[in-house]
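# Observations on the three-dimensional arrangement
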Amino acid sequence: MADCHIGSWRDPKLREISTEAFSKSVDICIERKVDFVLISGDFFNTSLPSIDRLKVAVNKLRQLKENWIPVYIIPGSHDFSPSGKTMLDVLEEAGLMINVVKGSIVDERLRLSFTIDKKTGAKITGILGKRGMLDRHYYEALDKEPLEREEGFKIFMFHTAIEEFKPSDFEGINVSPLSTLPKNFNYYAGGHVHYVFSRKVEDYGLISYPGPLFPNSFKELEELGCGGFYIYEDGNLERVKIELLKTLHLSFSCSGKNPKQVNDMVMTRIESEDIKDKLITLRFYGKIVDGKISEIDFGHIFSEIAKKRPYLAVKNTNALSSDEFEDMKVEMGSADEIEERAVKEQSSGLSLFSDEAEMLQKLINTFNTEKKEGERQIDFEERIVKEASETLNL
Amino acid sequence: MIAGRVIGGDFSRILARQKSDYAMELGELLVAEKDGEKILLQVFDLVYGSQMSQQNLELISGFQLEEDSEIEVMDTKLRNYNIAALKTLVGIKGNKASMCKNLPAFFSELRQVTNDDLAFITKPKNPIFIGKLRSGSKALDVDVFLDGSKVFAHHILIPATTGKGKSNLTKCLLWDSVDKEYCGILVLDPHDEYYGRTELGLKDHPMKDKIVYYTPRSAPSGQRTLKINLNLLRPSHFAGSLAFTDAQGDAINAYYRKYGDTWIEALLLEQQIDVQVQDYTKAVVKRKLINLLDLSVNNKVYCNGIFDSTAGQTTLVDIAAELEKGNIVILDTSSFSGNLEILIGSMIALEILDRYKASKMKGSLEEKPVISIVIEEAPRVLGKDVLDAGPNVFSMIAREGRKFKIGLTAITQLPSLIPRDILANMNTKIVLGIEMAPERQAIIESASQDLSNDGRTIASLDIGEALITSNFAKFAIPVKIPFFDDFVKGYQNKFNADKYSKSFSGIKKG
């Protein structure tokens, strides 16, 4: 599995259900008596997750351990704090998981070593993921020859998109080409890209992205509906879906309509749909006329939806415009993607630091840090200033 | 050093007597001075001159050959000599050069050109290095640059006979372009020679991050396997690579209208469409597509080549984005049929053209780098016979690409196969040695400068010697192209790559 993003979503209901997706996955793994579990990055949504999320995660990891199911993990871009710390270290110290990103640097070459699963003899290694493709030089420096030469059943875990197989959302964004991966592995367990993909590739092996355990954005809710993971057995993959609730995706073209007509259109549609206990997504797009977006009565729409007792309803108006906002540029994509693009654009124009992209990304991570539970405001501020100063070498 | 003295002729053919201890060469640059101004001249022909009659000359040579005598002619240096035919290149006043409109004075001394004379040859704002200025066979210590942002947009033609240094010149041009922000270059490489898999090539450039290499086979580490999603193909992409009859064209358009992105799959699986298509027509179209795209059909479409049903969704956009960043994208097309190479080239070229047209409409084209597409054996897409069957994206770019900052760098042995209007649109020609008279003639007739007297000079160009004729040059510039390996060595020393050590945080010891 990959991209568990435990603790994601601001909405408490969605955050709860995304955590539940992990619990459900673990239950299935135990029930199916898998030999071991691979988690290809982004176990938590932030490097320092809240206590209640941590409690659930630890509890489920403990259950796996009690059932003699080891968990092998690589840290993903969300698992690291700006200073390089990760809660995964704590979990590894507690014996709940094993980070397989191990090796040494010899003459600026990265030599990875294998972690061997005692039960099956599978040899596992991998490369961690970092934000903004800051992990790219790990691949460039990777000494692949010893990995490729190694005999046995081998697994390579990675947390990056592959140039040749990346989905259209990644257009124009530089990612690692296939050739940066070592060849001759039996299984390549990928993460980071939230899409479902598997393919046998000549000279390499079976490459897979299981997608997130639960959709992590509005778009993913629409496109994926639910999350899932793969069970690998004798060269075959079975995708196990984690369907915790039913979803209904409603899409409204508002072009040429005024706010009242939009209201009427939505209400008519809602009346005709069975939405009880479902997760409802409402996407609005197009350019409205004779009015402002604020004149669409979303309050009324949502109160009418609530009467039909859905699990939750969420809306997206990113692609909705009116004359009022004609010149406004709408950025599409997840927050991470928008940040990555902005960093890339901004860093290309300046030459103040040796690696501006990395520095900007670290600064964004720093300013994105949340206050820990029980942390005093003054300590929180000091911590942020300290981390930012370290990043800027002040 | 005095080389000779002007003795007559006319404006297009100035005659000069060569000094006896000086050996003029075809293509040599000489200077005549007049009233503080200089005229730069170039030798384009050499003939014998003598004060003796032909009969006497023949008699003397007869004595020498048959009688073994040591007969000598009195004042031989005065009586027998060489006559050079020269043309004026530019008039030089101070550091400025302009078109020459007068003749050097009668009996003007001609001397060798010096660096001081050539101070008007300066480095433009967006330079692209072509080579060293050449006088005859001697390379002078004067670098010749052209304004890359202009010459790339207005197309470059590199005509030459095999073995005269086309690949070497292209490698040097590409190498010099790597660090230039003002241009992005797409190279369709049918010999897989520019990246340098097994030899010195662009992969060895200190700024190799700006080189993107796509290959269908065993991509070197860090480079990309060429995969293009089948759904990206449009009927218009096939212009120039597959010939369809009207009926076949109607059929593919009908499928595209009904099925959109998945039209190829729908056509190959013979899904329903609203219009009537003859079985025979359908079968022929299917066969053509299956052969070209390397597909097979058995209740499902199987992709065996570079076209893929799942991978390569972003390839076209990614390539266009790299070019817009001013990078060099090399496509190894060595294992492709000519038609497949043209198809892929067309897909990318159309993507770039569409993006730049959109930028022009938005008013943001000026911020974009100029993009050049390097095509080997250019008559395959720009040949008269090809264009008789209909225009393709390359002919479109050749005719109107400069309006959108997109140009071609066309390489060919046979420029005469390219229509004259397209040749005339190629505003910079870097002419290497061409022995075949019809090919030389095609170049001479479409050159930016008057090369009507240079046929012999072009025929005599040795390996690495070139003549640049360009709308962006004041005269047809003779140059010596450096040997790529030497050029690279000199360049690499200027760079100190990987200045910053990388951090490998997150790797645990073990």
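For clarity, every value in this text was computed on a predicted model and none was experimentally measured.

## Quick look at the overall build of chain A
Within chain A one finds 11 helices and 16 strands. On C-alpha atoms alone, chain A measures out to a radius of gyration of 23 Å, which is about the 21 Å that the 2.2 N^0.38 rule sets for 394 residues. When its C-alpha atoms are laid out on the principal axes, chain A stretches across 65 × 55 × 50 Å. In chain A, which comprises 394 residues, the proportion classed as buried is 52%. Summarising the internal contacts of chain A: among those between residues at least 6 apart in sequence, 68% fall at separations of at least 24. When the accessible surface of chain A is split by element, carbon and sulfur atoms take 49% of a total near 18,600 Å². Positive and negative side-chain charges of chain A, numbering 53 and 67 respectively, have mean locations separated by a distance of 4 Å.

## Let's talk about the sheet that holds strand S14 (residues 247-253) of chain A
All names here are of chain A. The 3 strands are arranged S14-S15-S16 in an open sheet whose pairing can be described as parallel. Because the sheet does not close on itself, it has two edges, and the strands there are S14 and strand S16 (312-322). Averaged over all neighbouring strand pairs, the angle between strand axes comes to 10°, with direction disregarded. As paired strands, strand S15 (residues 279-288) and S16 are joined by 9 bridges and run parallel to one another. Within S16, the position partnered with Leu-282 by the bridge is Lys-315. Lying on the sheet, helix H7 (residues 259-272) is in contact with S14 and S15; it crosses S14 at an angle near 150°.

## Things to note about the packing of aromatic side chains
Residues and elements named next belong to chain A. In the structure shown here, the tally under the stated rule is 28 aromatic pairs over all chains. Judged by centre distance (5.1 Å) and plane angle (85°), the rings of Phe-22 and Phe-43 are edge-to-face. Placement of the pair is Phe-22 in helix H1 (residues 12-31) and Phe-43 in the loop between strand S1 (37-40) and helix H2 (51-66), with a sequence separation of 21 residues. Classification of Phe-22 by relative accessible area gives buried; the value is 1%. Between Phe-252 and Phe-284 the ring centres are 5.3 Å apart and the planes differ by 25°, which places this aromatic pair in the stacked class. With Phe-252 in strand S14 and Phe-284 in strand S15, this residue pair connects regions lying 32 residues apart in the sequence. Of the two residues examined, Phe-252 and Phe-284, each falls in the buried class. The residue whose ring lies beneath Lys-315 is Phe-298, and the NZ or CZ to ring-centre distance is 4.8 Å.

## Structural notes on the interface of chain B and chain A
Taken together, the contact between chain B and chain A spans 29 residues of the former and 36 residues of the latter. Between chain B and chain A the total buried area reaches about 2,700 Å² when both faces are included, carbon and sulfur atoms providing 51% of it. Of all residues in chain B, Phe-504, Ile-507 and Lys-508 of chain B give up the largest surface area on contact with chain A, accounting jointly for 24% of the area buried on that side. Counting across the chain B and chain A interface gives 5 salt bridges. One salt bridge in this structure joins Lys-166 of chain A and Asp-318 of chain B, with 2.8 Å as the shortest N-O distance. Counting residues per element, the ones that place at least two in the side of chain B that touches chain A are strand S13 (224-225), helix H8 (315-324) and strand S24 (508-509) of chain B.

## Regarding unusual backbone geometry
Here the phi dihedral of Asp-234 of chain A falls at roughly 50°; this positive angle occurs in a residue that is not glycine. Its location among the elements puts Asp-234 of chain A in the loop between strand S12 (227-233) and strand S13 (236-242). Relative accessible area serves as the criterion here: at 72%, Asp-234 of chain A is assigned to the exposed category. For His-155 of chain B, which is not a glycine, the phi torsion comes out positive at approximately 70°. Along the chain, His-155 of chain B turns up in the loop between helix H3 (148-153) and strand S10 (156-159). With relative accessibility at 1%, the residue His-155 of chain B sits in the buried group.

## Thoughts on helix H4 (residues 166-177) of chain B
It helps to recall that an α-helix has 3.6 residues per turn; residues three or four apart then point in one direction. Residues and elements named next belong to chain B. Here H4 spans 16 Å end to end across 12 residues, near enough to the 16 Å set by a 1.5 Å rise per residue. The element H4 is largely enclosed, with a buried count of 11 among its 12 residues. Of all the positions in H4, only Lys-166, Asn-168, Leu-169, Thr-170, Lys-171, Cys-172, Leu-173, Leu-174, Trp-175, Asp-176 and Ser-177 are classed as buried.

## Digging into the pairing of strand S7 (residues 123-127) of chain A
Residues and elements named next belong to chain A. Counting buried residues in S7 gives 5 out of 5 residues, a clear majority hidden from the surface. Burial along S7 is two-sided: the residues Lys-123, Thr-125 and Ile-127 and Ile-124 and Gly-126 are all buried. Bridge analysis of strand S6 (residues 115-116) against S7 gives 2 bridges, and the strand direction is antiparallel. For Ile-116, the partnering residue across the bridge sits in S7 and is Lys-123. Two successive antiparallel strands, S6 and S7, enclose a turn made up of 6 residues, where Gly-121 displays a positive phi of approximately 80°.

Here is what the cut-offs are and how they apply
- Residues numbered from 1 in each chain as written.
- Chains lettered and ligands numbered in written order.
- Predicted model: local features only at pLDDT ≥ 70, side-chain atom pairs only at ≥ 80, totals over all residues.
- Heavy atoms only, no water.
- Helix = DSSP H or I, 4+ residues; strand = E, 2+ residues; numbered from the N terminus.
- Rg over C-alpha atoms; globule rule 2.2 N^0.38 Å.
- Buried < 20%, exposed > 50% of the residue type's maximum accessible area, 1.4 Å probe, protein only.
- Contact = heavy atoms within 4.5 Å.
- Areas by Shrake-Rupley, 256 points an atom, 1.4 Å probe, with all protein chains shown as cover.
- Lys, Arg positive; Asp, Glu negative; His and termini not counted.
- Charge placed at Lys NZ, Arg CZ, Asp CG, Glu CD.
- Pairing = 2+ DSSP bridges.
- Axes fitted to C-alpha atoms, helices over the stretch in contact; angles between N-to-C directions.
- Phe/Tyr/Trp six-rings, centres within 6.5 Å; stacked < 30°, edge-to-face > 60°.
- Lys NZ or Arg CZ within 6 Å of the ring centre and 35° of its normal.
- Buried area = accessible area lost by both parts, 1.4 Å probe.
- Salt bridge = Lys/Arg side-chain N within 4 Å of Asp/Glu carboxyl O.
- Expected span 1.5 Å × (residues − 1).

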